[in-house]
Amino acid sequence: MLFRVVFAGAACLMSVCPASAQNSPNTASAPAAAAMRNSDVVTLVRAGLPDEAVVAKIRSGKTEFDLSTDGLIALKAAGVSGTVMAAMINPAPAAQVAELSVDSADPNVPHYPGLYILEKTSGDGKMTRIDPTMSNQARTSNVLGYALTMGLASASIKASIPGESARVQTNSRRPVFYAFFEESVPRGLQNANSSTWASGVGTTTSSPAEVSLVRFAEGENRRDAKVGRINIGGSKTGVMEKDQVPFESEMLRPGVYRVTPKADLAPGEYGFIQALSGGGTQGAMTARVFDFGVE
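Basis of the calculations
- Residues numbered from 1 in each chain as written.
- Predicted model: local features only at pLDDT ≥ 70, side-chain atom pairs only at ≥ 80, totals over all residues.
- Heavy atoms only, no water.
- Buried < 20%, exposed > 50% of the residue type's maximum accessible area, 1.4 Å probe, protein only.
- Helix = DSSP H or I, 4+ residues; strand = E, 2+ residues; numbered from the N terminus.
- Arc of directions from axis to C-beta.
- Contact = heavy atoms within 4.5 Å.
- Phe/Tyr/Trp six-rings, centres within 6.5 Å; stacked < 30°, edge-to-face > 60°.
- Axes fitted to C-alpha atoms, helices over the stretch in contact; angles between N-to-C directions.
- Parallel < 35°, antiparallel > 145°, perpendicular 65-115°, else oblique.
- Left-handed = near helix turned anticlockwise from the far one by under 90°.
- Core = buried A, V, L, I, M, F, W, Y, C linked by side-chain atoms within 4.5 Å.
- Pairing = 2+ DSSP bridges.

J.: When you look at helix H3 (residues 38-46) in this model, what are you seeing that I'm missing?
T.: For the α-helix, the turn length of 3.6 residues means that residues three or four positions removed from each other point alike. Of the positions making up H3, those classed as buried are Asn 38, Val 41, Val 42 and Val 45. All buried residues of H3 project into a common sector of 100° when viewed along the axis, lining one side. Residues of H3 that are buried make contact with helix H4 (51-58), helix H5 (69-77) and helix H6 (82-89). Looking one or two residues beyond H3, the residue adopting positive phi is Gly 48, at roughly 90°.

J.: For this particular structure, what's the right way to read the packing of aromatic side chains?
T.: Two descriptors summarise a pair of aromatic rings, namely the distance from one centre to the other and the angle between the planes of the rings. Taken as a whole, this structure holds nine aromatic pairs when the rule is applied. Arranged with centres 5.1 Å apart and planes meeting at 75°, the rings of Phe 177 and Phe 272 form a pair that is edge-to-face. Taken together, the residues span a long stretch of sequence, with Phe 177 in strand S7 (residues 177-180) and Phe 272 in strand S16 (residues 268-274) at a distance of 95 residues. Comparing Phe 177 with Phe 272, the two get one shared label, buried. Seen from their ring centres, Phe 247 and Phe 272 are 5.6 Å apart, and the 75° between their planes marks the pair as edge-to-face. Here Phe 247 is found in strand S14 (residues 247-253), whereas its partner Phe 272 is found in strand S16, with 25 residues between them in sequence. With a relative accessible area of 4%, Phe 272 lands in the buried category.

J.: So what exactly am I meant to see when it comes to unusual backbone geometry here?
T.: If a residue is not glycine, its phi is most likely negative; likewise, a peptide bond is most likely trans. Look at Asn 221: it is not a glycine, yet its phi comes out positive at around 60°. Note that Asn 221 resides in the loop between strand S11 (217-219) and strand S12 (222-231).

J.: Would you take a moment to explain H4 for this structure?
T.: Those residues of H4 that sit buried are Val 54, Val 55 and Ile 58. Viewed along the axis of H4, the buried residues span an arc of 100°, placing them on a single side of the element. In this structure, the buried residues of H4 make contact with H3 and H6.

J.: What's the story with the packing of H5 against H6 in this structure? I'm lost.
T.: Relative orientation and spacing of two packed helices are given, respectively, by the angle between their axes and the distance between those axes. Running from N to C, H5 and H6 cross one another at 150°; their axes reach a closest spacing of 10 Å. In this view, H5 runs roughly antiparallel relative to H6, as classed from their interaxial angle. Here H5 runs over H6; the crossing is right-handed. Along the contact surface, H5 presents Leu 72, Leu 75 and Lys 76, while H6 presents Met 85, Met 88 and Ile 89.

J.: Just checking my understanding: could you explain the nonpolar core for this structure?
T.: Generally speaking, soluble globular proteins have nonpolar side chains that are buried together. Counting residues in hydrophobic clusters, the biggest one holds 20 residues, and the most contacted among them are Leu 115, Ile 130, Phe 177, Phe 272 and Phe 292. At the level of elements, strand S1 (114-119), S7, strand S15 (256-261), S16 and strand S17 (288-294) are the ones that each hand at least two residues to this core. The biggest single contributor to this core is S17, with three residues. Dropping the residues within four chain positions of it, Phe 292 is found in contact with Ile 130, Ala 166, Val 168, Pro 175, Phe 177, Leu 213, Leu 265, Gly 268, Glu 269, Tyr 270, Gly 271 and Phe 272.

J.: Help me understand the sheet that holds S15, please; the structure alone is not making it clear to me.
T.: Strand pairing within a sheet occurs via backbone hydrogen bonds; the two strands may be parallel or antiparallel. Read from one edge of the open sheet, five strands run S2-S1-S7-S15-S14, paired in antiparallel fashion. In this open sheet, the two edge strands, each paired with only one partner strand, are strand S2 (126-130) and S14. Going across the sheet, the axis of each strand differs from the next one's by a mean of 30°, ignoring polarity. Note: S14 against S15, six bridges, orientation antiparallel. Counterpart to Glu 248 in the pairing with S15 is Thr 260.

J.: Sorry if this is basic, but what is going on with the side chain of Thr 128 here?
T.: Inspection of the secondary structure assignment puts Thr 128 in strand S2. Not counting residues up to four positions away in its chain, the partners in contact with Thr 128 are Leu 115, Tyr 116, Ile 117, Glu 119 and Val 168.

In structure tokens form, the structure reads like this:
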């Protein structure tokens, strides 16, 4: 009898025992996790778990939901919120869109539409957004000469903006600007109702070729720029070519341009003028100016 017991033990050690003799509770494989169903969601909701926790649970494993019309109606009747049902229908989290920047020095980073000046104060520097200023009045000069010469001499139309100096000042004689237009903004973040570059009813400025850089004549609590002239030959609106400060622009990608003056700027007050729709003095009065100063 002893021999038989020893032999049986040896046989087990040699892995020839019946399978029932080899397996133990410690070595049994764990059952696969069950897929989450509608009833599981209802249980979590009725237990008072917040929507965020239920959604996280839905996205953490396998699911087998009944998303038929009757199934969704039953979920609604059980108190399941729209947020949770939306996660059941599409468990994948929505792609997150990066927030637009207002100061990143990298032009490849999406920015809010507008005109920026690059400031290299430390490290890679930063961009400062230049808020547009509206001209608040139109001024006419040399009216007497125009009258005495019966229109042979030109009268100049000037757009005036308030203040003796711009909020943004730079000590760079050849500053670098970046223009971000609507085209550069990710489609999901575009605002069709308003734009910094709106230039009239249904029209929007889309490149630096549509603006003019000028140097302002500084007056008492105002700055003036010539935006038109009148003589016997007729009238012209817009910045005259001889009054423009030349600049060059380079498109970095659709909707994003690097803008630099072609020559060093003398100390003074300047601005990029975006003429709005309209004609005559009214067009001058509604010009939008991205103004800055060179110290």
